[in-house]
Amino acid sequence: MGEDGSGTSEPGKKPIRDIGAFRKDAWAAVPEIGTSHRWYDLAYSVTENVLRSKLGKKLPRSARHGLTTICNELLRYWEHDVDVAWSLDDPMHNISIGAGEEVRTPAIWLIELFPPSQVSKLFAAIDKYAWDRQRAKYSFGQTNEVALSSARASRYERWWHLGTVQSFQSRWMFPEAQRRKLPAFFDSIELKAIQVLPSLTAVCARFYTSEYGRGFVDTAWKRRYEPELVKVNGARRSEDRKWTTWRRTQEARNLMHDSARSWLARHCPGFFAESGENQLLIELMVFEKANSEILGARNLVAHDALRALGVGTDILKRTTKLLPEFSLESVDRTLCRSFKSDGVWNFWGNSDAARRAFESRNTAPKISPDDRLAHEVDNFITDIAVELTIARYLGVMRQRYAELRDFSRERHGKFNARQIARLRKDVLTLSLDLGSVSRDVERVGSSALRDEDGAYFQIRYAFDSPRIFEPTKSLIREVRTGQLVSARELAAADREYREILGAVVSLGSSIDAMRTGRLALLVAAVSLVVAFLTFLITGPGDNAPAETLWRLLASWAFNGSG
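Residues numbered from 1 in each chain as written. Predicted model: local features only at pLDDT ≥ 70, side-chain atom pairs only at ≥ 80, totals over all residues. Heavy atoms only, no water.

### Points about the side chain of Q250
Phase 1: Note on placement: Q250 falls in helix α10 (residues 241–267).
Phase 2: In this structure the side chain of Q250 is engaged in a polar contact, spanning 3.4 Å, whose partner is the backbone nitrogen of S338.
Phase 3: Apart from residues no more than four positions distant in its own chain, Q250 is found in contact with R307, A308, L335, C336, R337, S338 and F339. (Helix = DSSP H or I, 4+ residues; strand = E, 2+ residues; numbered from the N terminus. Polar contact = N/O pair within 3.5 Å; in protein donor to acceptor, adjacent residues only side chain to side chain. Contact = heavy atoms within 4.5 Å.)

See below:
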């Protein structure tokens, strides 16, 4: 198969061998399991003979299942040896990266949200880390506390600079920045607060990568990997060189993502950190050779190489007029199983396209092209990142309400102090947040779109297809339409949930009152019995009733016996 996937090679070169020939050579180089003298051959032969024997056929089903599992596990070792012997020239089992190709990651963006129930944590983070210490010292502009309070009291969108944190080895000089120890992947982190809705504040963290972090994924991508035996969900399997490259490269990207998310969750925890969900992440990826148009060229070799990076797996292509040759896409976890979260997005393209797009800009010549590209992308990527994060927030809220619905009987089947505390938490967090955010989303979604003249992302299919979206249809409009639908559905679900909880509380109070009444009757009966016994034992006068009764019974018994 040629590099274009057509099954032919370039003119003047030898034709590439048929795929079946590679399989025959590999199987010929590795004897069939159970026919050689490797360590697993004897174990496999013995186990298989036991299963096929008359005694083995009479074994209990559980025993036969255990022996079959052993055979399957030993078979994985034989498959691993076959993968090791497989030819490096087979494009179906190996990754081929073109000469001169390189991928760099200049910047990563993360978004955290702060609905009403989480705003106190943002105030606490501002007070603890004092990112605006220099600004407050010289009385330059508002402090972060004042800006946040003012923004949440306003009905209009606004943003302000929270602060900058840079590593001790940073190559930049920021007047207000704090020097801190950062993960090795990052040179500096810029925090920006955006009041997107009256009840919702977003914090955008832009991670500028260090020289090490910028080329970390490229190093993992180009490294030659040998087949590996791995365990997935308790089962062992053999991965050839292609699958090992996919997994190891995606794990390298995960290391950078986890490092950025952990830093933001520690220093600025919000809704996603409290919910145990990963924040939405957009990674800028710059290629020397590859470009977004390669997805429609049916180049299977290039597709496999990009899949190792989690690039080119989305059927939708989202482009902006500000940088038309770059594409915004989500990572499909069904094709990239090593990614831990579904909130990963790529904004990727060719370095030459970036230079052509911004060559007319009068920028500082000492800034590298990647740093200049990251700065230009930051001017418009934040808007769509915030909109996608709001949609993700509503999706998490939908999942929470689904859990409340499905486990409502277990959660509220008993009416006690613990259930009352849990009910109060649900009302104060879910209902309070959702009620205010849904109302604001409804208001914004029903009005004219903001920033319509800004980063106008269009949507179309990434692969060759006659189905094309309308050229005037924007990504931001699609996202906000989905937000509006989700907000209305969640608002209706919240009203129904609160009505049901109100009925549950009322019924629980009635049941509790009945139980209290029954307990009171029981206590009164016990008290009456105790009082009667006390009267019999003590009684008024010299002779207690019980003593008098005992004497009568004793005399009657004595006279009867006489």
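### A word on the pairing of strand β11 (residues 344–350)
Phase 1: Among the seven residues of β11, seven are classified as buried, and the element is accordingly described as predominantly covered.
Phase 2: Bridge count between strand β10 (residues 323–330) and β11: four bridges; the pairing is antiparallel. Looking at β11, one finds that S330 is bridged to W345. (Buried < 20%, exposed > 50% of the residue type's maximum accessible area, 1.4 Å probe, protein only. Pairing = 2+ DSSP bridges.)

### Remarks on the pattern of salt bridges
Between side chains of opposite charge, a pair can form when the charged atoms approach closely.
Phase 1: All told, the structure shown has 28 salt bridges when counted by the stated rule.
Phase 2: When the shortest N-O distance is used, the salt bridge between R76 and E79 registers 2.9 Å. Taken together, the residues span about one helical turn, with R76 and E79 both in helix α4 (residues 61–85) at a distance of three residues.
Phase 3: For R76, a relative accessible area of 17% corresponds to the buried category.
Phase 4: Residues R206 and D378 are paired through a salt bridge, measuring 3.0 Å at the closest nitrogen-oxygen approach. Taken as a pair, R206 in strand β5 (residues 200–209) and D378 in helix α14 (residues 369–406) lie far apart in primary sequence, 172 residues in all. Here the two residues R206 and D378 agree in accessibility, since each one is buried.
Phase 5: The network of salt bridges with shared partners includes E228, R237, E239, R247, R248 and E251. (Salt bridge = Lys/Arg side-chain N within 4 Å of Asp/Glu carboxyl O.)

### Describing the packing of helix α1 (residues 19–29) against α4
Phase 1: Relative to each other, α1 and α4 sit at 120°, their axes nearing to 9 Å. When the axis of α1 is compared with that of α4, the two are oblique. α1 and α4 meet at a crossing whose hand is right-handed. Here α1 contributes A26, W27 and A29 to the contact with α4, which in turn contributes W78, V82 and A85.
Phase 2: Across the contact of α1 with α4, the residue classes break down as six nonpolar, no polar and no charged. (Axes fitted to C-alpha atoms, helices over the stretch in contact; angles between N-to-C directions. Parallel < 35°, antiparallel > 145°, perpendicular 65-115°, else oblique. Left-handed = near helix turned anticlockwise from the far one by under 90°. Nonpolar A, V, L, I, M, F, W, Y, C, P; charged D, E, K, R; others polar.)

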